[in-house]
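Architecture and fold: a report
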Amino acid sequence: MKRCIICLQQLDLFQGLEQDQLTNLCQCTQRKRLSRGHYLFRQGEATSTIYLIKSGKLKLVQTTEEGNETILDICGPGEVLGELSLYQEQNEHSSAIAMEDVCICCFSKLQFEALIKQDPSFAMRIIGYLGQKRYETMLKLGKEAGLPVKERLLQLFYRLAEQYGRKTPTSTLIDLKITQQELADMIGSSRVMVIQALKEFKAANIIDREKRYFILKKDPCISIHTFD
């Protein structure tokens, strides 16, 4: 119980709640653990659960009718999934798949509705959280629209380094085990194109790889690199 309360207090979404409100939330919370490759939910499923990622990372994958997959986002500790179910009944527009061992706290829609009735300001925090997520998505799409594959891939590495980077004196290790195909799915390209871009990045001393982790080099000219 104490760990759950501390976990919630660390998140912007739950800051300002009274101790008894946090306690009530935690009393009804269910924990779920997933291994790499397992689904939290699948595209098209109806859900009324809000998920808080305690540890680990999941990828949100959208599949077209033709079977093509696009990775919409990678979500890590402290992020919330399923929050749109608070406002409308809908099926999930993507699948959430564990990229490593994941621990998740699960809250029912009814718990959140009861909390909103007790504290209307909590609804405003949820709206603010959703608005920020939408803004970040639009900003990302705007920056990358029309860019060539190499530029989109480099922008992706910047974002991943900002979210999951562990800094060293000479570089930033991206603490995320991600495959070449997953990189391709995230930028809407092919694995062949990504492999070629990675070769050029390595030759230009921009990107390296250590075991299954990518490393972004600290190059003072990295922001002005251009590619043919």
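In this report, we go over the structure that sits alongside the text. (Residues numbered from 1 in each chain as written. Predicted model: local features only at pLDDT ≥ 70, side-chain atom pairs only at ≥ 80, totals over all residues. Heavy atoms only, no water.)

Describing the overall build of the chain
Note the threshold: Here a helix means four or more residues in a row that DSSP labels H or I, a strand means two or more in a row labelled E, and each is numbered from the N terminus. To sort residues, take the accessible area from a 1.4 Å probe on protein chains only and compare it with the maximum for the residue type: under 20% means buried, over 50% means exposed, and anything in between is partly exposed. By the convention used here, residues are in contact when the closest approach between their heavy atoms is within 4.5 Å.
The number of helices and strands found in the chain is seven helices and twelve strands. The burial tally for the chain puts 42% of its 228 residues in the buried class. Taking the contacts inside the chain whose residues are at least 6 apart along the sequence as the reference set, 69% of them involve residues at least 24 apart.

Quick look at the sheet that holds strand E1 (residues 30-34)
To keep things clear, this is the line we draw: Strands pair, by our definition, only if DSSP identifies at least two bridges between them. Note on geometry: axes are C-alpha line fits, over the in-contact stretch for helices, and angles between N-to-C directions span 0 to 180 degrees.
The four strands are arranged E1-E8-E3-E6 in an open sheet whose pairing can be described as antiparallel. Two strands in the sheet have a free side with no partner beyond their single neighbour: E1 and strand E6 (80-81). Pairing of strand E3 (residues 49-55) with strand E8 (residues 102-108), which is carried by six bridges, proceeds in the antiparallel orientation. Across the sheet, the residue bridging to isoleucine 53 is isoleucine 104, located in E8. Sitting on the sheet, helix H3 (residues 109-118) is in contact with E3 and E8, with an inclination near 60 degrees to E8.

Things to note about the pairing of strand E4 (residues 58-63)
Pairing of E4 with strand E5 (residues 69-75), which is carried by six bridges, proceeds in the antiparallel orientation. The residue of E5 that forms the bridge with leucine 60 is aspartate 73. From the end of E4 to the start of E5, which pair antiparallel, there are five residues, and glycine 67 there has a positive phi angle of about 95 degrees. Looking at chain direction, E4 and strand E7 (residues 95-98) are connected through four bridges and run antiparallel. Looking at E7, one finds that lysine 59 is bridged to isoleucine 97.

Here's the deal with the packing of aromatic side chains
Quick reminder of the rule: Paired rings are identified among Phe, Tyr and Trp, the last through its six-membered ring, by centres lying within 6.5 Å, and are further divided according to the angle between planes into stacked (under 30 degrees), edge-to-face (over 60) and tilted (the rest).
With the rule as written, the count across this model stands at two aromatic pairs. Taken together, a centroid distance of 5.2 Å and an interplanar angle of 55 degrees make the contact between phenylalanine 157 and phenylalanine 214 tilted. Of this pair, phenylalanine 157 sits in helix H5 (residues 149-164) while phenylalanine 214 is found in strand E12 (residues 213-217), placing the two residues 57 residues apart along the sequence. Judged on exposure class, the residue phenylalanine 157 and its partner phenylalanine 214 are both buried.

Describing the sheet that holds strand E10 (residues 171-174)
Taken together, the four strands give an open sheet; going across it, the order is E9-E10-E12-E11, and neighbouring strands pair in antiparallel fashion. Since the sheet does not close on itself, it has two edges, and those belong to strand E9 (165-167) and strand E11 (207-210), each with one partner. Within this sheet the neighbouring strands show an average axis-to-axis angle of 30 degrees, counted without direction. Set on the sheet, H5 makes contact with E9, E10, E11 and E12; between it and E10 the angle comes to about 85 degrees.

Observations regarding a positive patch on the surface
Operational definition: Exposure above 30% relative accessible area and the lack of any salt bridge qualify a residue for a patch; like charges then connect within 9 Å, and the nonpolar side chains Val, Leu, Ile, Met, Phe, Trp and Tyr within 5 Å. Surface accessibility follows the Shrake-Rupley procedure with a 1.4 Å probe radius. Residue values consider only the protein chains on display as shielding. Put simply, a salt bridge is a Lys or Arg side-chain nitrogen that is within 4 Å of an Asp or Glu carboxyl oxygen. Just so you know, the count uses Lys and Arg for positive and Asp and Glu for negative, and it drops His and the chain ends. Where a charge lies is defined by one atom per residue type, namely NZ (Lys), CZ (Arg), CG (Asp) and CD (Glu).
A cluster of basic side chains, namely Arg36, Lys177, Arg209 and Arg212, defines a positive patch on the protein surface. Along the chain, arginine 36 falls in the loop between E1 and strand E2 (39-41).

Quick look at helix H7 (residues 191-203)
So the rule is basically this: One less than the residue count of a helix, multiplied by 1.5 Å, gives the span that helix is expected to have. Each C-beta atom gives one direction from the helix axis, and the arc is the one those directions make.
The end-to-end C-alpha distance of H7 is 18 Å, a good match for the 18 Å that 13 residues give at a rise of 1.5 Å each. Buried residues of H7: Val194, Ala197, Leu198 and Phe201, and no others. With its buried residues spanning 105 degrees around the axis, H7 presents them on a single face. For H7, the exposed residues set more than 90 degrees away from the buried face come down to Val192, Lys199 and Ala203.

Observations regarding the pattern of salt bridges
Taken as a whole and assessed by the stated rule, the structure comprises five salt bridges. One salt bridge connects lysine 150 with glutamate 200, and the closest N-O pair in it is separated by 3.0 Å. One end of the pair, lysine 150, is in helix H5; the other, glutamate 200, is in helix H7, and 50 residues separate them in sequence. Given the relative accessible area of 27%, glutamate 200 is considered partly exposed. In this structure, the salt-bridge partner of arginine 166 is aspartate 175, at a minimum N-O distance of 3.7 Å.

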